[in-house]
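Spelled out from the first residue to the last, the chains are:
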Amino acid sequence: MKKKISFENIKDVQRGHQGLNLDEVEKQRRRFGLNEIVEVAGNPWLDLALETLKDPMIWFLVGIGSVFFMVGEAREGLTLFIAILPLLFMDAILHRRTQASTRTLKSQLASEVRVIRQGQEQFVKSHELVPGDLVRISSGEHLPADGFFEETEGLQVDEAILTGEAFPIVKSPLVVDASFKDKDDILVETRHLGHAGTRVLTGKALLRILYTGRRTSYGEIVDSVARLPHERTPLQKSITKLVQVLVYSAGVFCLLLAAVRMYQGYGWLDALLSAATLAVAAIPEEFPVVFTFFLGVGVYRLAAKHALVRRAVSVENIGRVTHICTDKTGTITLGQLKLVHMDAALSGDEDGLLRVATSASDPVGTDPVDQAIYEKARDKAIKSLQRLQVFPFTEDRKRETAFVMDSQGRGVCCLKGAPEMVLSMSTLSVDEKKHWLTKTSQWAQEGHKVLACAEKFLSEEDLMQRKEPQDHFTFCGLLAFEDPPRKEVMAALSYCQKNGIRVLMITGDHRETAVAIGKEIGLGRGAPIVVSAEEDSEKLEESWLETHPEFLKNIDIVARCNPLQKLKIVTALRRSGELVAVTGDGVNDVPALKAADIGIAMGERGSRSAKEVASIILMDDNFSTIVNAIREGRQLFFSLKKSFEYLLLIHIPLVLTAALIPLWGYPLLYLPVHIVWLELVIHPTALFAFQQKASDGKKDRLQVHKRSKNLFFFSRFEGVWLGVVGIGFTVALVLNYFSSFGENNDATHARAKALALLIGWSAMLVVSLTGLRGLASRMICIATVLSAVLMIQVPWVARWMHVSSLHGEDWGAVVMILIVFFMILQVPRYRTKPKS
């Protein structure tokens, strides 16, 4: 098969074995940019400016301040312009925190490659590669860009991510003659080409880079996926819907209020101030700001727990997960295999069995099975034989084969793989195969990973043809490996069981091996229900799963599962209403990771492609980290709910009184400077007072099941109760204003008492909703009370704020009203309390 390539990108640089010089690297980088599949472009200060311009409060202050200057009220205008500064400061803090999280994530995801420049081999970040670079690659590495091979040595590449080809592709060097230099495009065999994102299975090579970044084949695929819109989370949809409703409603009421004030004879300035004040009070800009901030906090906290978040909205989803589909090896277990048992077919010939196993294993690979075999071989002083040809292990083949030369100069084909596969290729009788399968089952039931080995002597013709034999192998025996579960997994599973989260272990291991591990860690409460994807493959077909939607919800383990079946499982669970988190580490896990609500890639052993599509990356590959992330996500969800309760309960009386009191013909209750003061109280309170870290408790305070359709994640009763309490406090606030105003028609005194009550209500909500459990909530509560005292009782501040100082009986009345409503907030049905 041939493919067209172009030398246009490298025709102006040297192509020798010395690599590029620094001038050429800089020239190419200016021309082609960084080797980034998904760019994170933009100027952080420009981003900050654009975000700031979206804040309606800034426009309100600028607009109204300008009006005051135009009508000669310089002091009022100056006050509003000065008030912009703390708002800009808060915007800068939020933006800086988000940018810091992004930079940290990007630095931890960066990979290094070996490149030859100016005749010297050096390590550089993969995103620094340019067309023309000469890169050295070896077994286990991923190709960082597209190009052609100038040198190869036993090179085989897994290109499943691009072509779907299940078998490894043998690569060979491309001989570039002088005629190529005059051609922009040529057709070459694909065996000479390497593609970004593909993985080297065996061998090593020199790769000349032709295309980088989005110009690579892999980049085109990722770019096409990136263009697909991400499904918005239910909370995002709810916030958008609420903001739209309130904005439209505010617009109508603002026009109505302005018309009424003009009709009442208050003049155009009063009408403008009334409408603008109501607009700013009613526009719920805090909701998206608080949501974004909480997501940023979630990203930071999850990173501290070794879970890097690539998409911030995953913080919301991780707290709502109802089903976890997890790998076994390295996630549930330590991923550190030990060869603990050997059963040779020839009694006492364990060294011979180990020699065959060693020959069929990669001496420098990262596969834990190969490492365990070589560790045992070193302990027994068994030397490995030179490997002439290798046929690597793949999911479909379930075996690894190698041609070697023994000490007598004979060619031998050594085979290692799944027992049923190796036995099917051996010369054993049916009864003998049953005998060894029984032993396999016994070891598997004890939680061991079992492999079989076999060998076959080769003729010179076999060696010349280099074709893998398919039968007539001499069976050598069984190897049993132990990969113990992580100690913390049992506690993590217990948490999941107590909080309604189902855990489904999906593994390619034998049924008995998976069941043994499942029992040891307490999966399925010690009696896991298992399905073999080989024996019951029809139950994992889409048609069967559609007609039996509850099937997957009642099993604990799927053994012998392949990537396509894993994808079908994830799709079926989501279709049945579950919110699914899926773990994966290889290229073959990419479809399932992409299909999941939360794709979780392994940071230590995960492939580049798996990390690219995942929402979260586990830096320690530990199952308990997933559960810790869910616990933290649920706590953030709980804290966010409390913050939104606060915003609703503080905004209902603020908006209603800002509209009703002027409509009834009274002087304005809130002037622009009062709105600024209140926003400086409300913003920090909503952002910081409800930030609580996840406790180590066994059960969450907030239970989130399925794909909730409740508006704003409040139940119908909670929504009604919030409305009743908010309107009730509005009535108290209005009556309090009327009583104070009616004494001497003193608007400044009535305004002071209303502001004291509203600011005190903010502090009381913090006390009620947080229980003052955190230092931030206590500090904010104290600062809120002090701000009310400062505004009202300090004479020069009171004059600036157009209020008058209150007497002791006034403060007493404010406190009594707050106590009454504090008691109302303690209604047990309303309070979401921890469950034991």
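Residues numbered from 1 in each chain as written. Predicted model: local features only at pLDDT ≥ 70, side-chain atom pairs only at ≥ 80, totals over all residues. Heavy atoms only, no water.

Strand order across the open sheet formed by 8 strands is β10-β23-β22-β21-β11-β18-β20-β19, with mixed pairing between neighbours. Among the strands making up the open sheet, the edge pair consists of β10 (307–309) and β19 (530–532). Looking at each pair of strands side by side, their axes are set apart by 20° on average, direction ignored. (Pairing = 2+ DSSP bridges. Helix = DSSP H or I, 4+ residues; strand = E, 2+ residues; numbered from the N terminus. Axes fitted to C-alpha atoms, helices over the stretch in contact; angles between N-to-C directions.)

Another aspect to go through is the pairing of strand β22 (residues 598–602). Side-chain direction in a regular strand flips from residue to residue, so the side chains alternate between the two faces of the sheet. With 5 of its 5 residues buried, β22 lies for the most part within the structure. Across the two faces of β22 the burial is the same, with Ile598, Ile600 and Met602 and Gly599 and Ala601 all buried. Of the pairings in the sheet, the one linking strand β21 (residues 580–584) to β22 comprises 4 bridges and is parallel in character. Each residue of the ladder has a partner; that of alanine 581, found in β22, is isoleucine 598. Bridging between β22 and strand β23 (residues 616–618) involves 3 bridges; their strand directions are parallel. Residue pairing for β23: isoleucine 600 is matched across the bridge by isoleucine 616. (Buried < 20%, exposed > 50% of the residue type's maximum accessible area, 1.4 Å probe, protein only.)

Following the sequence through the fold, serine 6 ends up in strand β1 (residues 2–6). Within the structure, the side chain of serine 6 is placed 3.1 Å from the backbone nitrogen of glutamate 8, a separation counted as a polar contact. (Polar contact = N/O pair within 3.5 Å; in protein donor to acceptor, adjacent residues only side chain to side chain.)

Mapped onto the elements of the fold, threonine 358 is located in helix α11 (residues 350–359). With a relative accessible area of 1%, threonine 358 lands in the buried category. A polar side-chain atom of threonine 358 sits 2.7 Å from the main-chain carbonyl oxygen of leucine 354. When residues no more than four places from it in sequence are discounted, the contact partners of threonine 358 are Ile373, Tyr374, Ala377 and Ser384. (Contact = heavy atoms within 4.5 Å.)

What follows deals with unusual backbone geometry. One non-glycine residue, arginine 560, lies in positive phi territory at about 55°. Residue position: arginine 560 is located in the loop between β20 (557–559) and α19 (563–575). Exposure remark for arginine 560: the relative accessible area of 15% places this residue in the buried category. A positive phi angle, near 60°, is found at histidine 802, a position not held by glycine. With respect to the helices, strands and loops of the structure, histidine 802 is situated in the loop between α27 (795–800) and α28 (808–825).

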